[in-house]
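# Remarks on the overall topology
The lines below spell out each chain.
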Amino acid sequence: MKKITILGATSTIGINTLDVIKLHQDEFEVIALTAHTQVDRLAAQCLEWHPQYAVMADPDAAEQLEHRLKQKNLSITVLSGVEGLSEVASLSKVDIVMAAIVGSACLLPTLAAVKAGKRILLANKEALVMSGQLFMDAVHQYGAELLPIDSEHNAIFQCLPTGNKTVQDNGVSHILLTASGGPFRTYPLEKLGNITPEQACAHPNWTMGRKISVDSATMMNKGLEVIEASWLFSALPEQIEVVLHPQSIIHSLVQYIDGSVLAQLGNPDMRTPIAHALTWPKRIVSGVPHLNLAKIAQLDFESIDLTRFPCLQLAYDAMSAGGTSSTILNAANEIAVHAFLKRHIPFTAIPKVIETTLAQLSSRIANTLEIILEADAQARNIAQEAINHYR
Ligand SMILES: NC(=O)c1ccc[n+]([C@@H]2O[C@H](COP(=O)([O-])OP(=O)(O)OC[C@H]3O[C@@H](n4cnc5c(N)ncnc54)[C@H](OP(=O)(O)O)[C@@H]3O)[C@@H](O)[C@H]2O)c1
């Protein structure tokens, strides 16, 4: 019986994880579930799964949850704050930690899981983008097992040889990350400024949370994924290419030096990478319908137009610059996306806020958590000022 903590249980990824576990209840025990403010959702999950711990990152929400669980006569330890999240991520009885909190809030609890040597199912990409070298060094130092959940990285993981899951010394030429192009792949450029949050969150192939949906629409999601891939697979920027593939059936590919290209295909459904990582190297049923190639009939590919997607170029530039540049990029993006979702800035101001922030803050060597958190905080302040300019 594998024991699991789900950080961000109320997220799209958390809900999909519980759906997969439901099919294999004899193999998994849910030890801890966490959320931020959605008390009703977490209470309903607690009622169904009877975890030993429930954490609300928000202390007021934690009080409400505790009250709610007592009313239902459920004896569940309720914790709060980043301390509570880190505690359930590092409990000695836990084998697997699903890291599915959105944004930089996932960094500290995931690092706690890393330092406790857990199998980490990494859905969150922002933590690795913020702290790449430090995060990967900790994974190696503490013997944690890192399994990518992002469908692209999970696909690359599956296409790399067993054993050494990096592009080095494996005869790999480069990685091809596929991108659907989001809802605005062919949208008239001159109308992008009027896009609403509802339009940006309506992804053609995937159902996701609001932040990652906007990131997919600007293509910053692909930029964050490029940086994530560089850390996960020890790839240089020039070894990672992005190719548009509107159907989201091929989740990514690995090109080898002999001309072979290995791809992983599947329906666009996150339960496949979740099931893969939960029991890797063993395969289990995920609940995802089998791929019907005859019905799909056609797979299309296009190269990327960076004038349409400036965020992707900003991410490549930040990755090449190194140091805290990716931390700054990520923080400015979080602030800009939040402001767009609140209708404070237009969609087209998102890359401008990020570019302004990167220009105003110098990159430093990112070798301590203090430096990373300081760069994150400074970037948020500068991005917030830039928001006022673009309102
Ligand atoms: N969705 C996908 O298909 C997909 C695919 C690949 C990678 N990812 C990555 O997986 C992560 C989750 O994405 P999602 O779309 O599933 O997210 P989501 O549906 O927006 O859910 C976000 C989760 O994070 C929690 N949360 C938010 N702020 C928090 C804070 N400050 N402290 C603690 N918890 C906090 C939320 O709790 P409340 O519910 O209480 O607000 C919720 O559980 C992201 O990093 C995303 O990039 C997602």
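What comes next is a walk through the structure. Because the structure is predicted, anything quoted here is derived from the model rather than measured. (Residues numbered from 1 in each chain as written. Predicted model: local features only at pLDDT ≥ 70, side-chain atom pairs only at ≥ 80, totals over all residues.)

### Brief notes about the sheet that holds strand E1 (residues 2-7)
Across the sheet, which stays open at both edges, the seven strands sit in the order E4-E3-E2-E1-E5-E6-E7 with parallel pairing between neighbours. Either end of the sheet is taken by a strand with one partner, and the two such strands are strand E4 (77-80) and strand E7 (145-148). For this sheet the average axis-to-axis angle between neighbouring strands, irrespective of direction, equals 20 degrees. Sheet topology note: the strand E5 (residues 96-99)/strand E6 (residues 119-122) ladder contains four bridges and is parallel. Considered in E6, the bridge of Ala99 is made with Leu122. Seen against the sheet, helix H3 (residues 59-71) touches strand E3 (53-56) and E4 and runs at an angle of roughly 170 degrees to E4. Lying over the sheet, helix H4 (residues 81-89) contacts E1, strand E2 (28-35), E3, E4 and E5, oriented at roughly 125 degrees with respect to E4. (Pairing = 2+ DSSP bridges. Helix = DSSP H or I, 4+ residues; strand = E, 2+ residues; numbered from the N terminus. Axes fitted to C-alpha atoms, helices over the stretch in contact; angles between N-to-C directions. Contact = placed C-beta atoms within 7 Å.)

### Concerning the nonpolar core
In terms of nonpolar packing, the biggest core is built from 125 residues, with Ala99, Leu121, Ala315, Ala332, Ala336 and Val353 touching the most fellow members. Per-element accounting of this core gives the leading share, nine residues, to helix H14 (residues 325-341). The residue makeup of this core includes at least three contributed by each of domain 1 (2-124) and domain 2 (157-390). Leaving out residues up to four positions away in the same chain, Ala99 has contacts with Leu7, Cys106, Thr110, Ala113, Ile120, Leu121, Leu122, Ala123 and Asn124. (Core = buried A, V, L, I, M, F, W, Y, C linked by C-beta atoms within 7 Å. Buried ≥ 20, exposed ≤ 12 C-beta atoms within 10 Å, placed from the backbone. Domains from an automatic or database assignment.)

### Some details on the site of the ligand
In the vicinity of the ligand, 27 residues are found, and the nearest of them are Ser11, His36, Ala57, Ala105 and Gly209. At the level of elements, helix H1 (12-22) and helix H9 (210-218) are the ones that each hand at least two residues to the shell around the ligand. Of the residues assigned to the shell around the ligand, the class counts are 12 nonpolar, 10 polar and five charged. Split by domain, the residues of the shell around the ligand number at least three in each of domain 1 (2-124) and domain 2 (157-390). (Near = placed C-beta within 6 Å. Nonpolar A, V, L, I, M, F, W, Y, C, P; charged D, E, K, R; others polar.)

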